[in-house]
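Understanding the architecture of this molecule
Here is what each chain is made of, one letter per residue.
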Amino acid sequence: MRQKKFILPEQEIPTQWYNIMAEMKNKPQPMLHPETRQPIKAEDLYGIFGEEPSRQEVNMTDAWIDIPEAVREQYTTYRSTPLVRAYALEKALDTPAHIYFKNESVSPVGSHKLNSALPQAYYNKIEGTTNITTETGAGQWGSALAYACKVFGLELAVYMVKISFEQKPYRRSLMQTWGAQVTPSPSMSTNIGRKIITEDPFSNGSLGTAISEAIELAQRTPNCKYALGSVLNHVTLHQTVIGLEAEKQMAMTGEYPDIIIGCFGGGSNFGGISFPFMRHILSGERSGTRFIAAEPSSCPKLTRGKLTLDYGDEAGYTPLIPMRTLGHTFKPANIHAGGLRFHGSGSIVSQLLEDGYMEAADISQSEAFKSGVLFAQTEGIVPAPESNHAIAAAIREALVAKEEGKERVILFNLSGHGFVDMAAYDQYLTGDLVDYSPSEETICESLQSSVIK
Ligand SMILES: *Cc1c(COP(=O)(O)O)cnc(C)c1O
């Protein structure tokens, strides 16, 4: 057999998201208010985010949260996403492992990001918000939110990291096609943008700066809220539709995964595929399942960062987040997996890693692309550069299974396709791709200059 797909009937698509915080024995440390240093309450976030997303952010009691009917209706336009047995990849690796992937690239925007963009836009709309601001790196989150805002009738302003704005014109065109206004960041439209341009007129921008600009604009504009595409608890909550579907689809195969893998930027697709399976570990119903977050060697917050309080943005407008981080002043190398270039990892994953429920693997850019090309040549789908990191980790595990002669079941999340990232593949194919790994000094310096006083 070359490939086998498992799709759920519409009535089997989840009606609730899974909130792992309610079932964690050690709860994530609370986020702190940047001025008072008191634990954040939902009300403290209302000035920045929608109210329901703010309540979800701090909800440590309800394990299941209803998906609004209007959001579920949108989900059904592209869900369930297929769970696929990758026979051809298994054959090419000559491994006894069974490899499955959950294909989130089939969403209209080409990635998992729409799973959270839709509820965030919906909640803001029913709460009376008219305008949303956000940031985007490579443009995946910006395009997902642009489409979601169009669906629910909101205006969207996106700050796009300047180097991506210039180098990745097609995602900018996608956002504009779906009706969003896109500004390269740093820009002259905010205080923080003007400050950075004054200090460095040639600044390429960073995700941290773009977040600061988006928050600043939201706070100055009436009926305007900000939305974030990763890192925060409510974003990961929305992404659990991935794992909840995968759980039912794995049951259709008659197998249960031994190893579950997601690439890791801010943790939303990793948490999305993992947490519904991890709940069986937390309840004691199962043991031994391994969860692996695949991060880029160039931005290694899980494998080499430190658990501490840090801001989510460069200017320090966000609450203080207890997380494993490289420091909010960390400047990751300009790798192609733009969605993985974030300095921190969110509070839930940081606690789970600390408590030994999961592992992290660091993957170089060249190993990621080599794996992605093999995947494209066997399974036919050209993956996003971010997703290539998950594929590389899955291949590593499949080769270990081969060495040990074990029939292991591996499940990974294919977070997106790479059709708008072909320039990155060009570089790989012509041998021009460079691997980066920050030195210990660089990480120490960044952590030091990011210490919260
Ligand atoms: C944004 C993005 C990621 C990284 O974000 P997470 O929140 O860690 O999931 C990974 N893959 C794709 C395709 C993305 O767009």
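Residues numbered from 1 in each chain as written. Predicted model: local features only at pLDDT ≥ 70, side-chain atom pairs only at ≥ 80, totals over all residues. Heavy atoms only, no water.

1. What to know about the pattern of salt bridges
What the rule picks out here adds up to 18 salt bridges. Between Arg 304 and Glu 440 there is a salt bridge; the shortest N-O distance is 3.0 Å. Placement of Arg 304 in helix α13 (residues 301-304) and of Glu 440 in helix α18 (residues 440-449) is noted, with a sequence separation of 136 residues between them. Of the charged contacts in the structure, one is a salt bridge between Lys 331 and Glu 314, with a shortest N-O distance of 3.9 Å. One end of the pair, Lys 331, is in the loop between β13 (321-325) and α14 (347-354); the other, Glu 314, is in the loop between β12 (306-310) and β13, and 17 residues separate them in sequence. A cluster of three or more residues bridged by salt bridges with shared partners is formed by Arg 79, Lys 102, Glu 104 and Glu 245. (Salt bridge = Lys/Arg side-chain N within 4 Å of Asp/Glu carboxyl O. Helix = DSSP H or I, 4+ residues; strand = E, 2+ residues; numbered from the N terminus.)

2. Remarks on the packing of aromatic side chains
To describe a pair of aromatic rings, one takes the distance between the centres and the angle between the planes. If you walk through the whole model with that rule in mind, you get 13 aromatic pairs. Seen in terms of ring centroids, Tyr 75 and Tyr 78 are 6.5 Å apart; in terms of plane orientation they differ by 85 degrees. Their pairing is edge-to-face. Each member of the pair Tyr 75 and Tyr 78 is classed as buried. Here Phe 101 and Phe 412 contribute two aromatic rings whose centre-to-centre distance is 5.8 Å and whose plane-to-plane angle is 25 degrees, an arrangement assigned as stacked. Within this pair, whereas Phe 101 is found in strand β5 (residues 98-103), its partner Phe 412 is found in strand β15 (residues 409-414), the two being separated by 311 residues in sequence. The exposure classification of Phe 101 matches that of Phe 412, with both residues buried. (Phe/Tyr/Trp six-rings, centres within 6.5 Å; stacked < 30°, edge-to-face > 60°. Buried < 20%, exposed > 50% of the residue type's maximum accessible area, 1.4 Å probe, protein only.)

3. Looking at the site of the ligand
Taken together, the neighbourhood of the ligand is formed by 18 residues, with Lys 113, Ser 230, Gly 265, Ser 268 and Asn 269 sitting nearest. The backbone of Gly 265 places a nitrogen or oxygen atom 2.6 Å from an oxygen atom of the ligand. The side chain of Asn 269 places a nitrogen or oxygen atom 2.7 Å from an oxygen atom of the ligand. Protein coverage of the free-state accessible area of the ligand, which is 390 Å², stands at 98%. Tallied by class, the residues present in the shell around the ligand amount to four nonpolar, twelve polar and two charged. (Near = heavy atom within 4 Å. Polar contact = N/O pair within 3.5 Å; in protein donor to acceptor, adjacent residues only side chain to side chain. Areas by Shrake-Rupley, 256 points an atom, 1.4 Å probe, with all protein chains shown as cover. Nonpolar A, V, L, I, M, F, W, Y, C, P; charged D, E, K, R; others polar.)

4. Here we look at unusual backbone geometry
Of note, the bond from Arg 79 into Ser 80 is cis; its omega dihedral lies within 30 degrees of zero at 0 degrees. Structurally, the position occupied by Ser 80 is in the loop between α3 (69-75) and β4 (83-85). Even without a glycine there, the phi angle at Arg 37 is positive, about 60 degrees. Relative to the helices and strands, Arg 37 resides in the loop between β2 (16-18) and α1 (42-45).

5. Considerations on the sheet that holds strand β1 (residues 4-6)
Ordered by their spatial adjacency, seven strands build an open sheet running β1-β4-β5-β15-β10-β11-β14, and the pairing between neighbours is mixed. On the outer flanks of this sheet lie β1 and β14 (359-363), each paired with one strand and no other. The average undirected angle you get between the axes of adjacent strands in this sheet is 25 degrees. With six bridges connecting them, β5 and β15 associate as parallel partners. Bridging from a neighbouring strand, Tyr 100 pairs with Leu 411 of β15. Running over the sheet, helix α11 (residues 233-253) touches β1, β4, β5 and β15 and is turned about 140 degrees from β5. Packed onto the sheet, helix α12 (residues 268-282) meets β5, β10 (259-263), β11 (290-296) and β15 and runs at close to 155 degrees relative to β10. (Pairing = 2+ DSSP bridges. Axes fitted to C-alpha atoms, helices over the stretch in contact; angles between N-to-C directions. Contact = heavy atoms within 4.5 Å.)

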